[in-house]
Amino acid sequence: MNKTMLPPSGGPRADFALIAGWVTPGARVLDLGCGDGSLLAYLRDARGADGYGVDISDADILACTQKGISAIQMNLEEGLSIFGDDSFDYVILSQTLQTVMHVEGLLQEILRVGKQGIVTFPNFSYWHRRWQIMMGHMPVSEDLPYQWFNTPNIHLCTIKDFDAFCGSRSIRVLERAVLTGGRPVALLPNLLGSLAVYRLSRLA
Amino acid sequence: MAAMHPSNSVGIVVPQTARFEEPLTLRSGAVLAGFELVYETYGSLNADRSNAVLICHALSGTHHVAGFHSEQDKKPGWWDNMVGPGKPIDTDKYFVIGVNNLGGCHGSTGPSSPNPRTGKPYGADFPVVTVEDWVLTQSLLADRLGIERFAAVVGGSLGGMQALHWTLAFPERVRHALVIASAPGLTAQNIAFNDVARQAILTDPDFHGGNYYEHGVVPRRGLRLARMLGHITYLSDDVMGSKFGRMLRTEDFGFGYGVEFEIESYLRYQGDKFAESFDANTYLLMTKALDYFDPTHRHKCSLAEALKPATADFLVVSFTTDWRFSPERSREIVQALLDNRRKVSYAEVTSSHGHDAFLMVDEYYHGVVRAYMDNIAVGGQA
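Residues numbered from 1 in each chain as written. Chains lettered and ligands numbered in written order. Predicted model: local features only at pLDDT ≥ 70, side-chain atom pairs only at ≥ 80, totals over all residues. Heavy atoms only, no water.

A. Main features of the overall build of chain B. Each helix and strand counted, chain B has ten helices and twelve strands in total. The C-alpha atoms of chain B give 21 Å as radius of gyration, which agrees with the globular expectation for 382 residues (21 Å, within 12%). C-alpha extents for chain B along the principal axes are approximately 65 × 55 × 50 Å. Here chain B, with 382 residues, has 58% of them falling under the buried criterion. (Helix = DSSP H or I, 4+ residues; strand = E, 2+ residues; numbered from the N terminus. Rg over C-alpha atoms; globule rule 2.2 N^0.38 Å. Buried < 20%, exposed > 50% of the residue type's maximum accessible area, 1.4 Å probe, protein only.)

The following block contains the structure:
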């Protein structure tokens, strides 16, 4: 069965440490779909990052404010026009890509606003999900905990899909890491990896 | 504290007056020989004077932000739900100052105050004042109170404009600015509403060119109309619809011009009440200050450039159904601050109450203000 992907709430998520390793100390970071600000708080504490969050939910903006994290309440789907070109060192989209309506437009915006983008998503071709489909069901797991009828995830993809997408959209993949249960996966990542973490930039 | 006043109230407060004898040159170039500001304070200033918060009032606000004026007083200050012990702006932590702006009609020097030159009320001779003038005079009051730097300057609507201007005029004196239901400048539509309001007053036969005091009358009809118009714009269509709808006070249509619809009754009541207690010249002056406010005006620059001097951290709040100071206008402020790499948080509060929402209790709105204020570090208590 699928190992625990998401530690109990309170502990940092599997991809936090990896992302923190990529972020240079003191960097300006924008986290899109920042939730309660956990990642930004982690990056602040671990890397001295100057972080901003964006989210639409009242509870999340409140939680960020309580943590002393600057957060902007807005709908990502309406674009990032409030943020200037190259105004952040990193723009992060952590496990939110699959819920976004206009993926292509948002990725372009991420790479306009950020010198680099960091995008993470659940790899839909992870073996366990393939297995669930073979058994005749939509995949349900700790990192994709929804049923087909209540899922907010409308744009799920695989690592191969995302690589192809970047290749065809002038997006340079600077670095890619694949994790399962918080541990890096080197062998057959599209089959054995449950979470993909990308560092991206515009093609110079 | 009187038993009748709630325990989370600042209790009974006594307004104080600060007199400034030095001549004051206003933005317009006019000079006031001297002036007085009426203010109230809540909580106590700590030893290193790092916990002072200034509350800037809006069009019809006063220095009376919180608490009561007597044991019998039933009506607390205008932002009593926000300011008090244990409230979002916590007077157990902060030393909070409310001040009646120059040109007001609640004790600070204004058009209804005696002109020292003539001994009669200033009336039309009282100069037009601006947000810049208010911030300058507030800074003189801060000097008087020994406050070098505010932990926060807070304001809603026209008060938010003052909070924003504080960060530009005195960046080193403001650590945090809370700009609520405000705008970086009025839109044409907004100025238009203000002008209709002013025309109502200016064309009232009892206005007498602003010198109605000596005629023993007040331009009540004009002020009443101005307030009725203003009131419509402070509410949302939604809330007016749900509160009043098409409800009639009468059994059926009366086919006349008396009060028939509930909304008519409400507006007339609000207009009458306001016309009894507010000075028409002050109303003119406040609306003009609103119209003039525009940080980009002097240097003919972008808002981002205009906000460059600011060094404070910001909390910007807007309300979804506020069409007089819409969320779009608050987002302009946020964008300009982001362009300047200022620390800024922005909450867009879902509310049905229109512009007035900033004065009301809302769990999320108050929660965000509380969380923001809780995170401001201040020194030890006195």
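B. How the structure looks around the overall build of chain A. Looking only at helices and strands, chain A has seven helices and eight strands in total. For 204 residues, the compact-globule formula gives about 17 Å, and the C-alpha radius of gyration of chain A, at 16 Å, lands near that figure. The dimensions of chain A, computed from C-alpha atoms along their principal axes, are 45 × 40 × 30 Å. Per-residue burial for chain A yields a buried fraction of 50% across its 204 residues. The long-range share in chain A, meaning contacts at least 24 apart out of those at least 6 apart in sequence, stands at 65%. Summed over its atoms, the accessible surface of chain A is roughly 9200 Å², and 58% of this surface lies on carbon and sulfur atoms. Computed over 17 positive and 20 negative side-chain charges, the separation of the two mean positions in chain A equals 8 Å. (Contact = heavy atoms within 4.5 Å. Areas by Shrake-Rupley, 256 points an atom, 1.4 Å probe, with all protein chains shown as cover. Lys, Arg positive; Asp, Glu negative; His and termini not counted. Charge placed at Lys NZ, Arg CZ, Asp CG, Glu CD.)

C. Here's a closer look at helix 1 (residues 131–144) of chain B. All names here are of chain B. Given a rise of 1.5 Å per residue, 14 residues ought to cover 20 Å, and the 20 Å separating the end C-alpha atoms of helix 1 matches this to within 8%. The set of residues buried in helix 1 consists of Val131, Asp133, Trp134, Val135, Thr137, Gln138, Ser139, Leu141 and Ala142. Positive backbone phi, at 75°, marks Gly146, one or two positions downstream of helix 1. (Expected span 1.5 Å × (residues − 1).)

D. The arrangement of helix 7 (residues 280–292) of chain B in detail. Residues and elements named next belong to chain B. Compared with an ideal rise of 1.5 Å per residue, which puts 13 residues at 18 Å, helix 7 spans 19 Å between its outermost C-alpha atoms and is within 8% of the ideal. Counting buried positions over the 13 residues of helix 7 gives eleven, a clear majority of the element. Every buried residue of helix 7 is listed here: Ala280, Asn281, Thr282, Tyr283, Leu284, Leu285, Met286, Thr287, Ala289, Leu290 and Asp291. Of the surrounding secondary structure, the elements contacted by the buried residues of helix 7 are helix 1, helix 2 (158–169), helix 3 (188–202), helix 4 (220–234) and helix 6 (262–277).

E. Summary view of unusual backbone geometry. All names here are of chain B. Phi at Ala181 is positive, roughly 45°, even though this residue is not glycine. Position of Ala181 among the secondary structure elements: in the loop between strand 10 (176–180) and helix 3. Overall, the relative accessible area of 0% leaves Ala181 in the buried class.

F. Inspection of the confidence of the model for chain B at higher detail. Per-residue confidence for chain B averages 96 on the pLDDT scale, and 98% of its residues sit at or above 70. Scoring the predicted complex yields pTM 0.95 and, for the interface, ipTM 0.94. (pLDDT = per-residue confidence, 0-100.)

G. Representation of the confidence of the model for chain A within the structure. The predicted model of chain A averages 92 in pLDDT, with 94% of residues at 70 or higher. The low-confidence segment residues 1–11 of chain A (pLDDT under 50) makes 22 contacts with residues lying over four places distant or belonging to another chain.

H. Up close: the pairing of strand 8 (residues 95–99) of chain B. Residues and elements named next belong to chain B. Within strand 8, five of the five residues are buried, which leaves it mostly tucked inside the rest of the structure. Here strand 4 (residues 35–42) runs beside strand 8; their pairing, made up of four bridges, is antiparallel. Opposite Glu40, over in strand 8, you have Gly98 as the bridge partner. In this sheet, strand 8 lies alongside strand 5 (residues 52–56) in parallel orientation, the contact comprising four bridges. From the neighbouring strand, Leu54 faces strand 8, where its bridge partner is Ile97. (Pairing = 2+ DSSP bridges.)

I. View of the interface of chain A and chain B. Taken together, the 20 residues of chain A in the interface contact 19 residues of chain B. Overall, the association of chain A and chain B removes approximately 1700 Å² of surface from exposure, summing both partners, and the carbon and sulfur fraction of that is 51%. Sorting the residues of chain A by area buried against chain B places Thr65, Gln73 and Ile82 of chain A first, and these three jointly supply 32% of that buried surface. Counting the contacts that link chain A with chain B gives zero salt bridges. Our enumeration of links across chain A and chain B arrives at ten residue pairs in polar contact (both at pLDDT 80 or more). Those elements that provide at least two residues to the side of chain A that touches chain B are helix 3 (58–67) and strand 3 (70–73) of chain A. The dominant element in the side of chain A that touches chain B, judged by the number of residues it contributes, is helix 3 of chain A, at six residues. Here the residues of the side of chain A that touches chain B sort into eight nonpolar, eight polar and four charged. (Buried area = accessible area lost by both parts, 1.4 Å probe. Salt bridge = Lys/Arg side-chain N within 4 Å of Asp/Glu carboxyl O. Polar contact = N/O pair within 3.5 Å; in protein donor to acceptor, adjacent residues only side chain to side chain. Nonpolar A, V, L, I, M, F, W, Y, C, P; charged D, E, K, R; others polar.)

J. Here's a closer look at the packing of aromatic side chains. Residues and elements named next belong to chain B. Scanning the entire structure with this criterion turns up 25 aromatic pairs over all chains. Taken together, a centroid distance of 5.4 Å and an interplanar angle of 85° make the contact between Phe150 and Trp166 edge-to-face. Here Phe150 is found in the loop between helix 1 and strand 9 (152–156), whereas its partner Trp166 is found in helix 2, with 16 residues between them in sequence. Accessibility assignment for this pair places Phe150 and Trp166 in one class, buried. Measuring from ring centre to ring centre gives 4.9 Å for Phe319 and Tyr365, while their planes differ by 90°; the resulting arrangement is edge-to-face. Taken together, the positions of Phe319 in strand 11 (residues 313–319) and Tyr365 in helix 10 (residues 363–374) put the pair 46 residues apart, joining distant regions of the chain. On the basis of relative accessibility, which here comes to 1%, the residue Phe319 falls in the buried class. Classification of Tyr365 by relative accessible area gives buried; the value is 1%. (Phe/Tyr/Trp six-rings, centres within 6.5 Å; stacked < 30°, edge-to-face > 60°.)

K. The environment of Val103 of chain A, seen in detail. Residue and element names in this part refer to chain A. Assignment of secondary structure puts Val103 in helix 4 (residues 103–113). Residue classification places Val103 among the buried residues on the basis of a relative accessible area of 17%. Sequence-wise, Val103 and His155 are 52 residues apart; in three dimensions their C-alpha atoms are separated by 7.9 Å. With residues up to four places along the chain from it excluded, the contact list for Val103 reads Leu97 and His155.

L. Spotlight on the side chain of Glu40 of chain B. All names here are of chain B. Its location among the elements puts Glu40 in strand 4. We note that Glu40 is buried and unpaired, the nearest opposite charge coming from Lys75 at a distance of 12 Å. In this structure the side chain of Glu40 is engaged in a polar contact, spanning 2.9 Å, whose partner is the side chain of His64. Once you skip the residues sitting within four places of it in the chain, Glu40 turns out to touch Val13, Val14, Pro15, His63, His64, Val65, Ala66, His69, Val96, Ile97 and Gly98.

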